[in-house]
Amino acid sequence: MSSTSANAFVPSDEIRARFSSAMSEMYRDEVPQYGTLIELVADINQRTLQAEPELLARMQRSGELARLGVERHGAIRVGTAAELSMLRRLFAIMGMEPVGYYDLSVAGVPVHSTAFRPVSDAALLANPFRVFTSLLRLDLIADEALRAQAAAILARRNIFTERALALIAQSEANGGLTDAEADEFVGEALETFRWHSESTVDGATYDALHKAHRLIADVVCFKGPHINHLTPRTLDIDAAQAAMPARGMDAKDVVEGPPRRACPILLRQTSFKALKETVRFAGDATGAGSHTARFGEIEQRGVALTRKGRALYDQLLAQVRDMGSAGSAAPDYGSRLAQVFEAFPDTHEQLRRQDLAFYRFTLSDEGAALAAGEAAAAAASDLDALIARGLAQAEPIVYEDFLPVSAAGIFQSNLGGEEQKQYAAHAAQQAFEADLGARVHDEIALYEQAQQRSIDQLRSALRTQAAQAVA
């Protein structure tokens, strides 16, 4: 154990905030259109809050407003279990844990994934930075020789700097990093996510892997798992989608996820299409090729759904997809989606009363002003009764995670519309967790716990209020 005092260590929330900011600056330099995207989202969020004072008041009450401008999620793809496991240790220093398991192979993308993010209420409010992290499924490369070649290429690389590895080990041994060490860690960790325009393989190898699947080439053929997008959060994704072309961005055809609703649920995503970037291949002294991987994405987050709500969502989404082929690329997909989702309740009262979504319950000003006897009675009252009397309020809990079908839709639109390879359904969560070196959190259990904590805190506050008044 180091003699450094624990008080001198930088909180993980602060390291995460520094890293998120540094990543955003780096990506803005690498992909200038990302800066345009940030400006567009900021303009739309400002207009939306001005037009919807109730939304503004709710976000102020819940603390959501303060995090809106800095909220980002990124995405990377790694090639080996060792890379994935070390990323888990790297993200742990920033207070980010693996949440959820996503098998994208069933949608024709040869990866499975998790999302590293903060999990506590306080950490999410401090900075909700997330990184959707995918591990390449080499077993899904049909050509055995090509599969072995890809594995050999990946085995030769190290995506982390020596100093980053040393700082990870030091933080684990000492229990944290000092201010100077935290800044050094951010700079060293950033190198893993940086774009490299030189491929580690020759053009023929790149072409063979690209032919197997574009994403395989993206993962295998470069020095590191360059960040392939950063995503700001908008309050009106339809307005953002409509405004992108005027800002010079080639927007994908449709917004992924649920339809536009009065009460947004889960997650909606869109993006500008991936840029074609010049790449120099190993051994090719003259000439260069191109690679398409990095893009800009926008997301709109709604309320997290309960298991019952998620089952209804999945059922309705399956109905939409059964109505026609081509998935979200179908010309009439939007109208089909809106029609079928009329069966999903669209007021917060309905969502809460039918146990379809999660809420955070707090005392209102009226509830906090109750006299002793009333507070004692209220502490034992039904939640619906407290809300009906105006003594408590229910704020929607933001969905912090991802949707596999939407993620696959975004990936596919940026890998080329013709990329629709089908892989047999194969639940591989245990294998993924073995590679990760840890279990992933059940995201719905996290929302259940957050809702229950708020109920416990509300009742505790009422009991304390009653006791204090009596005393």
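Higher on the page you've got the structure.
As the structure is a prediction and not an experimental result, all values here were calculated from the model.

> Summarise the nonpolar core; cite the residues concerned and give the values.
Here is a general trend for soluble globular proteins: nonpolar side chains tend to be buried in one another's company. In this structure, L209, V220, Y313, F344 and L351 are the most contacted members of the largest nonpolar core, which totals 70 residues. At seven residues, the largest contribution of residues to this core is made by helix α21 (residues 443-470). Beyond its immediate stretch of four places on either side in the chain, L209 contacts L146, A150, I153, I216, A217, V220 and C221.

> Give me the lowdown on the packing of helix α1 (residues 12-30) against helix α9 (residues 179-190), citing residues and values where you can.
It is the contact of α1 with α9, at a shortest axis distance of 10 Å, that shows an interaxial angle of 40 degrees. Where α1 crosses over α9, the handedness of that crossing is right-handed. In contact with I15, R18, F19, A22, M23 and M26 of α1, α9 contributes D179, A182, D183, F185, V186, A189 and L190. Within the contact of α1 with α9, the residues separate by chemical class into ten nonpolar, no polar and three charged.

> Requested: an account of the environment of T36, with residues and values cited.
Structurally, the position occupied by T36 is in helix α2 (residues 32-51). Classification of T36 by relative accessible area gives partly exposed; the value is 22%. On a C-alpha basis, the gap between T36 and M244 in space is 9.3 Å, while along the polypeptide they are 208 residues apart. Aside from chain neighbours lying at most four places away, what touches T36 is R247 and M249.

Cut-offs and rules
Residues numbered from 1 in each chain as written. Predicted model: local features only at pLDDT ≥ 70, side-chain atom pairs only at ≥ 80, totals over all residues. Heavy atoms only, no water. Core = buried A, V, L, I, M, F, W, Y, C linked by side-chain atoms within 4.5 Å. Buried < 20%, exposed > 50% of the residue type's maximum accessible area, 1.4 Å probe, protein only. Helix = DSSP H or I, 4+ residues; strand = E, 2+ residues; numbered from the N terminus. Contact = heavy atoms within 4.5 Å. Axes fitted to C-alpha atoms, helices over the stretch in contact; angles between N-to-C directions. Left-handed = near helix turned anticlockwise from the far one by under 90°. Nonpolar A, V, L, I, M, F, W, Y, C, P; charged D, E, K, R; others polar.

The values are spatial; any link to function lies outside them.
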